[in-house]
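Summary of the model geometry
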Amino acid sequence: MRTSIATVSLSGSLTEKLTAASRAGFDGVEIFENDLLASPLTPEEIRARCADLGLSIDLYQPMRDIEALPEEEFARALRRARHKFELMGRLGADTVLVCSSVSPHALDDDALAAEQLSRLAGLAEDHGVRVAYEALAWGRHISTYDHAWQVVRSADHPALGTCLDSFHILSRGSDPKGIEDIPGEKIFFLQLADAPLLAMDVLQWSRHYRCFPGQGGFDVAGLVRHVLRAGYRGPLSLEVFNDVFRQSEAGPTAVDARRSLLTLQETVGLAAPPAPAPPTGIAFAELVTPDAAPVSAVLGALGFTRTARHRGKPVDLWQHGEARVLVNTGPAERRDGTRLAAVGLESPDPAGAARRAEALLAPVLPRRRAPGDAELEAVAAPDGTELFFCATGRSPLPDWRADFEDVAPAPHDGGPWRVDHLSLAQPWHQFDEAALFHRSVLGLRPQESVDVADPYGLLRSRAVSTDDGAVRIALTVGPAPTDDTAHAQHLALATDDVVAAARRYREAGGPLLPIPANYYDDLAARFEFADGELETYRELGILYDRDAHGTFRHCYTHTVGRVFFELVQRDGGYRGYGAANAPVRLAAQHAVRAFTAG
Ligand SMILES: O=C(O)c1ccc(O)c(O)c1
Ligand SMILES: [Mg+2]
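A quick note: this is a predicted structure, and the numbers were derived from the prediction, not measured.

1. A word on the domain arrangement of the chain
Annotation of the chain at the domain level lists domain 1 (3-267), domain 2 (281-406) and domain 3 (418-597). The interface is formed by 33 residues belonging to domain 2 together with 33 residues belonging to domain 3. For the domain 2 and domain 3 pair, buried surface summed over both sides reaches about 2700 Å², with 78% attributable to carbon and sulfur atoms. Per-residue buried area on domain 2 facing domain 3 is highest for Leu302, Leu340 and Pro382; these three make up 22% of the total on that side. At the boundary of domain 2 and domain 3, one finds zero salt bridges. For the pair domain 2 and domain 3, the number of links is five residue pairs in polar contact (both at pLDDT 80 or more). Those elements giving two or more residues to the side of domain 2 that touches domain 3 turn out to be β9 (281-288), α12 (292-302), β12 (323-328), β13 (339-346), α13 (350-359), β14 (377-380) and β15 (386-390). For the side of domain 2 that touches domain 3, the leading source of residues is α12, giving six residues.

2. With respect to the sheet that holds strand β23 (residues 551-560)
Pairing is mixed across the open sheet formed by eight strands, whose spatial order is β18-β19-β20-β17-β21-β24-β23-β22. Looking along the sheet, the strands with just one partner apiece sit at the ends: β18 (445-454) and β22 (543-546). Going from strand to strand, the sheet's axes swing by 25 degrees on average, the running direction of each strand aside. As judged from the eight bridges shared by β23 and strand β24 (residues 563-571), these two strands associate in the antiparallel manner.

3. Section: the site of ligand 1
Taken together, 13 residues sit near ligand 1, with Arg64, Glu134, His168, Arg207 and Glu239 positioned nearest. Arg207 is positioned such that a nitrogen or oxygen atom in its side chain is 2.6 Å from an oxygen atom of ligand 1. Residue composition of the shell around ligand 1, grouped by class: four nonpolar, three polar and six charged.

4. Considerations on the UniProt feature "binding site: Mg(2+)" (unreviewed entry) in the chain
Here, the residues flagged by UniProt with the feature "binding site: Mg(2+)" (unreviewed entry) are His421, His490 and Glu566. A maximum C-alpha distance of 9.3 Å among these annotated residues, which run over 146 residues, shows that they cluster at one spot. Along the chain, the position of His421 falls in strand β17 (residues 418-425). Residue His421 is classed as buried on the basis of its relative accessible area, which comes to 2%. Setting aside its immediate chain neighbours within four residues, His421 contacts Arg472, His490, Leu491, Ala492, Glu566, Val568, Arg570 and Tyr577. Within polar-contact distance, the side chain of His421 engages the side chain of His490 at 3.4 Å. Relative to the assigned elements, His490 resides in strand β21 (residues 489-494). Among the residues examined, His490 registers a relative accessible area of 5% and is labelled buried.

5. Things to note about the side chain of Gln116
Inspection of the secondary structure assignment puts Gln116 in helix α5 (residues 110-126). Take Gln116: its relative accessible area is 1%, and that puts it in the buried class. A distance of 2.8 Å separates a polar side-chain atom of Gln116 from the backbone oxygen of Leu69. Discounting chain neighbours no more than four positions away, the residues touching Gln116 are Ile66, Glu67, Ala68, Leu69, Glu71 and Phe74.

6. Let's talk about the pattern of salt bridges
Side-chain pairs of opposite charge can arise where the charged atoms are in close proximity. Tallying each qualifying case throughout the model produces 26 salt bridges. A salt bridge links Glu180 to Arg229, with the shortest nitrogen-to-oxygen separation between them at 2.9 Å. With Glu180 in the loop between α7 (166-171) and β7 (187-192) and Arg229 in helix α9 (residues 220-230), the pair connects residues that are 49 residues apart, well separated along the chain. Since its relative accessible area comes to 53%, Arg229 is described here as exposed. Between Arg538 and Asp521 there is a salt bridge whose closest N-O contact spans 3.4 Å. Taken as a pair, Arg538 in helix α18 (residues 533-540) and Asp521 in helix α17 (residues 517-526) lie far apart in primary sequence, 17 residues in all. You can call Arg538 partly exposed: its relative accessible area is 32%. Counted as one network, the salt bridges with shared partners bring together Glu71, Glu115 and Arg119.

7. Overview of the packing of α17 against α18
As a packed pair, α17 and α18 sit with axes 10 Å apart at the nearest point and diverge in direction by 160 degrees. Judged on the interaxial angle alone, α18 and α17 are roughly antiparallel. Handedness of the α17/α18 crossing: right-handed. On α18, the residues that touch Ala517, Tyr520, Asp521, Leu523 and Ala524 of α17 are Leu534, Tyr537 and Arg538. By residue class, the composition of the contact of α17 with α18 is six nonpolar, no polar and two charged.

Cut-offs and rules
Residues numbered from 1 in each chain as written. Chains lettered and ligands numbered in written order. Predicted model: local features only at pLDDT ≥ 70, side-chain atom pairs only at ≥ 80, totals over all residues. Heavy atoms only, no water. Domains from an automatic or database assignment. Contact = heavy atoms within 4.5 Å. Buried area = accessible area lost by both parts, 1.4 Å probe. Salt bridge = Lys/Arg side-chain N within 4 Å of Asp/Glu carboxyl O. Polar contact = N/O pair within 3.5 Å; in protein donor to acceptor, adjacent residues only side chain to side chain. Helix = DSSP H or I, 4+ residues; strand = E, 2+ residues; numbered from the N terminus. Pairing = 2+ DSSP bridges. Axes fitted to C-alpha atoms, helices over the stretch in contact; angles between N-to-C directions. Near = heavy atom within 4 Å. Nonpolar A, V, L, I, M, F, W, Y, C, P; charged D, E, K, R; others polar. UniProt positions renumbered as here; feature names shortened; annotations may be inferred. Buried < 20%, exposed > 50% of the residue type's maximum accessible area, 1.4 Å probe, protein only. Parallel < 35°, antiparallel > 145°, perpendicular 65-115°, else oblique. Left-handed = near helix turned anticlockwise from the far one by under 90°.

So this is what it looks like as structure tokens:
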């Protein structure tokens, strides 16, 4: 099916929007009246620009406050409409959206609404235009799709049909099954938007919080299935009013939008990109640093051993059980400090995973970083993190370790360590995009987004993971781009004995993040502990959480550059990430930073 996007969903001038939509691969656009009014181009020039870019103009919108008016006012509305139909002729657009009236003058009279819409459609027909009537969720008298359809049906005019908009339908809690009762040819247009599930006024919700399908809480794919069963064959068009998208660059937003539609099309059986091959583990995490010494000291104190060195580049492999960390001193600039630059994902099918990523518009990275390196499949996540699809020790697939020369045997002591999770701070405008990317490109499942209080702002955190927890990534977004603590990334290492691991780290000279005594007094009130247990946690700065499945104990190293490490012990199938403790941890990190900064 053809794909389309409303110009209101993208930032910039009309021509910037059109260029972004075309580059991302959309077939058409909905032109918003305000974008046209503000454009220096004539309608003919806009038409030509769209043609050059391979875009059809699938909809012109909106016309407002037309139906069920006193006759005099309706006559004025028709006069306005005539002007717009002439404009549409110049634009080469043949469908106009009319949204249900919000005017205080509109009468609660369906027969009058139908009669006037029919007259409007007659005028439209004379200009070669079709009218698609949409119920706004906050329409004065007509606010549901089934009501709008009843009025369209009784108007019974060939140039009048309905426009369905998933936001208006799902935000009101209407049952979308009734869509199947509308003949497909009377559904003139379909607009798609998702939204986070919020309890708020629908107009504010719609104008500020819409997002692309798959980024919110609505079952947009379920709605599309009903629309397809009704026989609709027009475009799938995204219409997203969103405060963040209005401010971010149009190009990446358009790509995010198309990825959302491709994923939706896959879900409903309209597209078949290479099947997802969800990762089965974390092969490695790669830190890029201008100075290997501080981070190597932390790794050493944690019990890691430097086991191998890259044959061609200044990259060391540090290992502790199944936890592998690459320390790369090659490309780093001092300004950036130490950061988590790449993640190796253990993949059942690295080539297939890369093909899927490419089909879903992820930037594919060169397979060889340097001559002589093993050929590795890799893509860039929206935040720039490089994701490698790895087959560790699974000959004959290319193995990233082939690029490394052993310098020491892997240690056997210390228990079964592995990477429990990674936390990646996202640019403020890419949080929803990142969650969708990890879901659709990598096949990870997003969890609920949680708010975490930081002393200097509010953080949002959303985990994406495999069902078995073998891969867990926490995506976070901070209060301000300049806030260092909010910007931090971390690597959580799973051990089967966090107390022993913490003691060993401290004895090796590694400072653990100190946690205030008040926290432990509160823990004592909330949970019962064995004798001495709480004192141990207090002494080491170990935090504690419990869910319906099990318990979670965790503590933190100090921060090097943007990166810190967490030691975690998950017992009994605990599913979370210790979010309840995050405000205390963030405050403690700010305190350390303030202390060391003087
Ligand atoms: O918010 C609005 O006014 C508005 C306008 C046109 C639409 O298609 C829509 O869904 C909402
Ligand atoms: Mg709409």
